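Structure assessment
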Amino acid sequence: MGKSLVFSTTIPLRFSHLPRSISPFHHLSQCVPQRFSENSQCCVENGGIRLKVTPIRRNLSTKAVLSEPPNQRQYPKVAAKSTGPIPPSQLIQVVETAAKTGAEVVMDAVNKPRNISYKGLTDLVTDTDKMSEAAILEVVRKNFADHLILGEEGGVIGDSFSEYLWCIDPLDGTTNFAHGYPSFAVSVGVLFRGNPAAAAVVEFVGGSMAWNTRIFSATAGGGAFCNGHKIHASQTDKVEQSLLVTGFGYEHDDAWAANIQLFKEYTDISRMVEEAGGTVTRMDGGKFCVFDRSVLVSNGVMHAKLLERIAPTTEKLKAKGIDFSLWYKPENYPTDF
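Let me begin by describing the structure that accompanies this report. (Residues numbered from 1 in each chain as written. Predicted model: local features only at pLDDT ≥ 70, side-chain atom pairs only at ≥ 80, totals over all residues. Heavy atoms only, no water.)

Turning our attention to the overall build of the protein. When helices and strands are counted, the protein shows five helices and 14 strands. For the protein, buried positions account for 50% of its 337 residues. When the accessible surface of the protein is split by element, carbon and sulfur atoms take 53% of a total near 15,900 Å². (Helix = DSSP H or I, 4+ residues; strand = E, 2+ residues; numbered from the N terminus. Buried < 20%, exposed > 50% of the residue type's maximum accessible area, 1.4 Å probe, protein only. Areas by Shrake-Rupley, 256 points an atom, 1.4 Å probe, with all protein chains shown as cover.)

Below you can see the structure in the form of structure tokens.
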């Protein structure tokens, strides 16, 4: 991902039920919103940024309603203010079906030998990545043939002037998958004019011969869910009581080295996020968009503290000429920024 710099501090999410495996679903072309009672919730999320979500009620407006966590400094919201002409209930239904479809392909391959190739020295790709993406693409194109799609393996396809951009990682964590380590997922998200509108992540948990899954999902303004149950970020304001999570790009450059150093610093003191009540910005505190090179994610309460502590490192990177501009955006794709 070029000079991708990721640093996030999150808190363990609270779930009401144990993970459950993927349920079988009907013919892919029959992906239409189901009818729900007034108090029911629709389960399917990229994410990455690594979600499901949306209370479904009759006559649901396409206008997103953003909730504000208490005692939190205000930062610009990342989520789309509207899901456009497509109702969020319909959008998340297709997102969830697409993610589950890809996950079925992965589930069929988890205990079988891997055919591995390399995109770089350490960047793996398997046949499962490609087959999962093909299955996801089939779902998306049957439902929204005119939408733009950005796939991890296939690149950009579709109408570049579409207001909707689907972002697909058919096997997020290929290296873990290739080694049978239970930390990988299938991620499907859709942007409306460049802003996250709906997403679902099917996470694989368990281990060899005992695989299970759980699904996270979200829609803009609809909240975040795991297996259909609403989840929330913690309200802790102490870094020492938080869970530190980060990700490292494949290019071992200055940004990578800075990320390693920041991770080391925080591990000395520490233990989907916006819709769960958290906060998302760039590492320099600026408004984040999904095409940015860096991201800082927190429960919101401690976000200002984190920005203050990482500011010296961020300024050093800028002084070295590290580019903090947009990393990538499909040509002609319309956005609100």
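Ranked by size, the top nonpolar core spans 34 residues in total, and within it Leu91, Val95, Val106, Trp166, Phe184, Val190 and Phe204 carry the most contacts. Only α1 (88-109), α2 (127-143), β6 (164-172), β7 (184-192) and β8 (195-205) provide two or more residues apiece to this core. With nine residues, α1 is the single largest residue contributor to this core. In contact with Phe204, not counting residues within four places along its chain, are Ala103, Val106, Met107, Val110, Pro182, Ser183, Phe184, Ala185, Val186, Trp211, Asn212 and Thr213. (Core = buried A, V, L, I, M, F, W, Y, C linked by side-chain atoms within 4.5 Å. Contact = heavy atoms within 4.5 Å.)

Within strand β14 (residues 294-298), five of the five residues are buried, leaving the element largely enclosed by the surrounding structure. What you see with β14 is no split at all: Ser294, Leu296 and Ser298 on one side and Val295 and Val297 on the other are buried throughout. Pairing analysis gives three bridges linking strand β13 (residues 279-281) to β14, with the strands arranged antiparallel. Across the sheet, residue Thr279 finds its bridge partner in β14, namely Ser298. (Pairing = 2+ DSSP bridges.)

Consecutive side chains of a regular strand alternate in pointing toward one face of the sheet and then the other. Burial within strand β9 (residues 212-219) is extensive, with seven of its eight residues counted as buried. Relative to β9, β8 is paired through eight bridges, and the arrangement is antiparallel. Looking across to β9, one finds that Ala200 is bridged to Ser217. The turn joining β8 and β9, which pair antiparallel and follow one another in sequence, is formed by six residues; a positive phi near 100 degrees is taken by Gly206. Sheet topology note: the β9/strand β10 (residues 223-226) ladder contains four bridges and is antiparallel. Paired with Ala218 across the two strands is Ala224, which belongs to β10.

With that settled, the discussion passes to α1. End to end, α1 covers 32 Å across 22 residues, agreeing with the expected 32 Å (1.5 Å per residue, within 8%). Counting buried positions along α1 gives 16 out of 22 residues, so the element sits mostly inside the fold. (Expected span 1.5 Å × (residues − 1).)

Take α2 next. Counted at 1.5 Å a residue, the expected span for α2 with its 17 residues is 24 Å, and the 25 Å between its end C-alpha atoms agrees. If you check which residues of α2 are buried, you get Thr128, Asp129, Ser132, Glu133, Ala135, Ile136, Leu137, Val139 and Val140.

Let's shift gears to the sheet that holds strand β4 (residues 148-151). Here eight strands make up an open sheet; going across it, the order is β5-β4-β6-β7-β8-β9-β10-β11 and the pairing mixed. Because the sheet does not close on itself, it has two edges, and the strands there are β5 (155-157) and β11 (229-231). Direction aside, neighbouring strands of the sheet carry axes that sit 20 degrees apart on average. Sheet analysis places β4 next to β6, joined by four bridges and oriented parallel. Along β6, the bridge assignment pairs Leu150 with Cys167. (Axes fitted to C-alpha atoms, helices over the stretch in contact; angles between N-to-C directions.)

Turning to the pattern of salt bridges, a few remarks are in order. Scanning the entire structure with this criterion turns up seven salt bridges. The residue Asp284 makes a salt bridge to Arg282 at a minimum N-O spacing of 3.0 Å. Assessed through its relative accessible area of 25%, Asp284 is described here as partly exposed. Between Lys318 and Asp284 there is a salt bridge; the shortest N-O distance is 2.9 Å. Pair noted here: Lys318 is in helix α5 (residues 303-319) and Asp284 is in the loop between β13 and β14, with a separation of 34 residues, a long-range link. With a relative accessible area of 33%, Lys318 lands in the partly exposed category. Taken together, the salt bridges that share partners define one network made up of Glu163, Arg193 and Asp336. (Salt bridge = Lys/Arg side-chain N within 4 Å of Asp/Glu carboxyl O.)

If you walk through the whole model with that rule in mind, you get six aromatic pairs. Note on Phe184 and Trp211: the rings are 5.3 Å apart at their centroids and 55 degrees apart in plane angle, and the pair reads as tilted. You can see Phe184 sitting in strand β7 and its partner Trp211 sitting in the loop between β8 and β9, a full 27 residues away along the chain. Using a relative accessible area of 2% as the deciding quantity, one classes Phe184 as buried. Ring geometry for Phe291 versus Tyr333: centroids 6.4 Å apart, planes at 70 degrees, classification edge-to-face. (Phe/Tyr/Trp six-rings, centres within 6.5 Å; stacked < 30°, edge-to-face > 60°.)

One can describe the packing of α1 onto α2 by two numbers: an axis separation of 8 Å at closest approach and a directional angle of 155 degrees. With respect to α2, the element α1 is oriented roughly antiparallel. The two elements α1 and α2 meet at a crossing, and its hand is right-handed. Residues Val94, Thr97, Ala98, Thr101, Gly102, Val105, Val106 and Ala109 of α1 pack against Thr128, Met131, Ser132, Ala135, Ile136, Val139, Val140 and Asn143 of α2. A class-by-class count of the residues in the contact of α1 with α2 yields 10 nonpolar, six polar and no charged. (Parallel < 35°, antiparallel > 145°, perpendicular 65-115°, else oblique. Left-handed = near helix turned anticlockwise from the far one by under 90°. Nonpolar A, V, L, I, M, F, W, Y, C, P; charged D, E, K, R; others polar.)

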